[in-house]
Amino acid sequence: MDLRIFTEPQQGATYDTLLTVAKATEDLGFDAFFRSDHYLSMGSSDGLPGPTDAWITLAGLARETKRIRLGTLMTAGTFRLPGVLAIQVAQVDQMSCGRVELGLGAGWFEEEHKAYGIPFPKDRLARLKEQLEIITGLWATEPGRTFDHHGTHYDLTRSPALPKPAQAKLPVLIGGHGAKRTPRLAARYGDEFNMPFGSIEDAERQFARVRDAAREAGRAPDDLVYSNLLVVCVGKDDQEVARRAAAIGREVEELRANGLAGSPDEVVDKIGRYAEIGSRRIYLQLLDLSDLDHLELISSQVQSQLP
């Protein structure tokens, strides 16, 4: 079971804060540092000092870390043209010597689009399918050949399909709760399927849908990695758990029910239950980026117990 650290910088974080967390992620032996791709805070947070761009952040971290994987859950398909995104991600992959992964989704948060003048079309899932086809097609095109795509939403003619990622196959992550189109997209284009903020029962049901879609697409279901995204709140004792829950404005029992919360042993046990349904990777949503002791505790007393 891989443990990856996932951050929500739109809630309020500078690049320097993210760099500190990413370096701690690397030093403490976690597998990867991922971040959201949003431009507007959610809930009661004022978002100060303001948003940071996901791919600019990852470009910086690519040069300031050595081992950890870097990526997004999820880049919003509404934010960038697919040809431009393919260039950006390939360049950051080169800058990291092949450590980047692209999580790509349709985009859902209408308010941030209004706030920054970004179009929010109704046919976002249809656009996402074309975006995935274009991005993976550009990367797969042999050097010296060109790539064409003539679709409903995008038209590319004689693209040189450059630059290429450093990795021969840059992993693409697709996720979500959708019962039909999301599994089909994952089966066709994904290297990993991620279930965000779902119960064990919900995740098991969605993993089964993705496996069925893979078979229908003529693909072995185990070709994909299955993963979960869950909020984390671990403490050495009940008082520490309560303190960490209060710091992120959440209730302990709600966190226990919907995330990974409690003592290290409780969290290890719940991770094991996700492993039993086929999850191979857990993204830990870390909401208090100033609490590096939390990361150290997870590393020393949770990660150390996992196979």
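Everything below is about the structure shown above.
Residues numbered from 1 in each chain as written. Predicted model: local features only at pLDDT ≥ 70, side-chain atom pairs only at ≥ 80, totals over all residues. Heavy atoms only, no water.

Undergrad: Tell me about unusual backbone geometry, and name the residues and values.
TA: In this model, Leu 48 is joined to Pro 49 through a cis peptide bond whose omega is 10°. Residue position: Pro 49 is located in the loop between strand 2 (32-35) and helix 2 (54-64). Backbone geometry places Ala 161, a non-glycine residue, at a positive phi of 55°. Looking at the secondary structure, you find Ala 161 in the loop between strand 7 (155-159) and strand 8 (172-175). Using a relative accessible area of 4% as the deciding quantity, one classes Ala 161 as buried. (Helix = DSSP H or I, 4+ residues; strand = E, 2+ residues; numbered from the N terminus. Buried < 20%, exposed > 50% of the residue type's maximum accessible area, 1.4 Å probe, protein only.)

Undergrad: Which residues make up the side chain of Asp 291, and what values do they have?
TA: Here Asp 291 shows up in the loop between strand 12 (281-286) and helix 11 (292-302). A polar contact is formed between the side chain of Asp 291 and the side chain of Arg 244, at a distance of 2.5 Å. (Polar contact = N/O pair within 3.5 Å; in protein donor to acceptor, adjacent residues only side chain to side chain.)

Undergrad: How would you sum up the environment of Gln 305? Please name residues and give values.
TA: For Gln 305, the location among the structural elements is in the segment after helix 11. Judged by relative accessible area, Gln 305 falls into the partly exposed class, the value being 41%. For the pair formed by Gln 305 and Val 268, sequence separation is 37 residues and the distance between their alpha carbons is 7.1 Å. Excluding anything up to four places from it in sequence, Gln 305 contacts Pro 264, Asp 265 and Val 268. (Contact = heavy atoms within 4.5 Å.)

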